[in-house]
Amino acid sequence: MTTDSDSSRQVVVRLEGVHKDYGDAKALDGVSLEIRAGEAVAVMGPSGCGKSTLLNMVAGLDRPTSGTVRVHGEDLGRLNETGLALFRRRHVGMIFQFFNLIDDLPALDNVALAAQLTGTSARQARRRALELLDELGIAGRKDTYPAALSGGERQRVAVARALMNRPALLLADEPTGALDSRSGEQVMDLLIDLNQIGQTLLIVTHDPHLATRCASRLIEVADGRVARESTLEPTA
Ligand SMILES: Nc1ncnc2c1ncn2[C@@H]1O[C@H](COP(=O)(O)OP(=O)(O)O)[C@@H](O)[C@H]1O
Ligand SMILES: [Mg+2]
């Protein structure tokens, strides 16, 4: 477990006064927070409170109405669309509830594509993809298309894809939300292992079990605001 109170660690994410409006609806209503290198932070809160919106701001998938988002030293508000796309490919990995794999590509190519988009050669990309699939215990499924993979296997492919470019930050939005409990536990174990080797994690969930197992700090969101922050004790 990381010592999340260690203020000497580099700040990877800093949000200051972030607002996001969708028409009259305030999805985020003044969010400020910091995440340091090596932390595993869970964001919890009721449906519709702004969790996914928050994650999308950090990922550079969407822009705030006002406020600043800094990730890995980059002020995302200063980047144009091309800059944001490059930022996403190089510095963040994302995993989603419904995996978001490309149906027409086998597992290996789903993973390798992430690196090819950053200019890595196909050969190198496939080599690293195979290494990752091997580390995640699904190398034997490399030639299988998503439709023939189990939910847990799909999510492990998605985790491999997210890790391809060695992101400063791994973002997960309800990563176990579509999995049976056994596959969900396996994905949780994977996230814990990744954090133990130093991967910074930001996990959105409404599952307290996922939060307490995987995270060392909890940020509770309500009505687009940070309602509470707390430290979580490691569980066995
Ligand atoms: N693209 C969008 N257009 C309009 N409203 C949106 C959009 N995305 C989110 N919202 C609204 O913003 C609020 C927060 O949504 P979201 O961040 O998805 O919540 P959560 O992930 O916590 O369930 C909700 O009221 C939702 O309806
Ligand atoms: Mg959501």
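The rules behind these values
- Residues numbered from 1 in each chain as written.
- Chains lettered and ligands numbered in written order.
- Predicted model: local features only at pLDDT ≥ 70, side-chain atom pairs only at ≥ 80, totals over all residues.
- Heavy atoms only, no water.
- Pairing = 2+ DSSP bridges.
- Helix = DSSP H or I, 4+ residues; strand = E, 2+ residues; numbered from the N terminus.
- Contact = heavy atoms within 4.5 Å.
- Axes fitted to C-alpha atoms, helices over the stretch in contact; angles between N-to-C directions.
- Near = heavy atom within 4 Å.
- Polar contact = N/O pair within 3.5 Å; in protein donor to acceptor, adjacent residues only side chain to side chain.
- Areas by Shrake-Rupley, 256 points an atom, 1.4 Å probe, with all protein chains shown as cover.
- Expected span 1.5 Å × (residues − 1).
- Buried < 20%, exposed > 50% of the residue type's maximum accessible area, 1.4 Å probe, protein only.
- Arc of directions from axis to C-beta.
- Parallel < 35°, antiparallel > 145°, perpendicular 65-115°, else oblique.
- Left-handed = near helix turned anticlockwise from the far one by under 90°.
- Nonpolar A, V, L, I, M, F, W, Y, C, P; charged D, E, K, R; others polar.

Q: Honestly, the sheet that holds strand β2 (residues 25-36) in this entry has me stumped. Any pointers?
A: Hydrogen bonds along the backbone pair up the strands of a sheet, which may run parallel or antiparallel. The strand order across the open sheet formed by 4 strands is β2-β1-β4-β5, and the pairing between neighbours is antiparallel. Taken across any chain shown, the strands that pair with only one partner, and hence form the sheet edges, are β2 and β5 (74-75). The sheet contact formed by strand β1 (residues 11-22) and strand β4 (residues 66-71) spans 5 bridges and is antiparallel. Looking at the pairing, H19 lines up with S66 of β4. Running over the sheet, helix α1 (residues 51-59) touches β1, β2 and β4 and is turned about 125° from β1.

Q: Explain the site of ligand 1 here, please?
A: As a matter of local geometry, ligand 1 sits amid Y22, A27, P46, S47, G48, C49, G50, K51, S52 and T53. One of the backbone N or O atoms of C49 is found 3.3 Å from an oxygen atom in ligand 1. In the environment of ligand 1, an oxygen atom lies 2.9 Å from a nitrogen or oxygen atom belonging to the side chain of K51. Relative to its unbound accessible surface of 560 Å², ligand 1 loses 55% to contact with the protein.

Q: When you look at helix α4 (residues 122-135) in this model, what are you seeing that I'm missing?
A: Helical geometry: 3.6 residues make up each α-helical turn, so side chains three or four residues apart lie on a common side. For α4, with 14 residues, the first-to-last C-alpha span of 20 Å sits near the 20 Å given by 1.5 Å per residue. If you check which residues of α4 are buried, you get A125, R128, A129, L132 and L133. Each buried residue of α4 lies within a common arc of 140° when the element is viewed along its axis, so the set occupies one face. Seen from the buried face of α4, the exposed residues on the opposite side, beyond 90 degrees, are R123 and D134. In the core, the buried residues of α4 are packed alongside α3 (107-116) and α5 (151-163). Positive backbone phi, at 80°, marks G137, one or two positions downstream of α4.

Q: Even after reading the chapter, I still don't get the sheet that holds strand β3 (residues 40-44), so can you show me in this structure?
A: With mixed pairing, the 6 strands of this open sheet are ordered in space as β6-β7-β8-β3-β9-β10. Two strands lie at the open edges of the sheet, namely β6 (92-96) and β10 (225-231), each paired on one side alone. Geometrically, the sheet is characterised by an average inter-axis angle of 15° between neighbouring strands, direction not taken into account. As defined by bridge partners, β3 adjoins strand β8 (residues 200-204) across 4 bridges and the pair is classed as parallel. In the strand pairing of β8, A40 is matched with L201.

Q: Quick question: what am I supposed to make of the packing of α5 against helix α6 (residues 181-196) here?
A: The geometry of α5 relative to α6 is characterised by a closest axis approach of 9 Å and an angle of 20° between their N-to-C directions. Classified by the interaxial angle, the pair formed by α5 and α6 is roughly parallel. Classified by chirality, the crossing of α6 by α5 is right-handed. Side by side, α5 and α6 meet where G152, Q155, R156, V159 and L163 of the first sit next to S183, Q186, V187, L190 and L194 of the second. A breakdown of the residues in the contact of α5 with α6 according to their chemical character gives 5 nonpolar, 4 polar and 1 charged.

Q: Before we go on, may I ask you to explain α1 in this structure?
A: Buried residues dominate α1, accounting for 7 of its 9 residues. Every buried residue of α1 is accounted for by K51, T53, L54, L55, M57, V58 and A59. One or two positions beyond α1, positive phi appears at G60, with a value near 70°.

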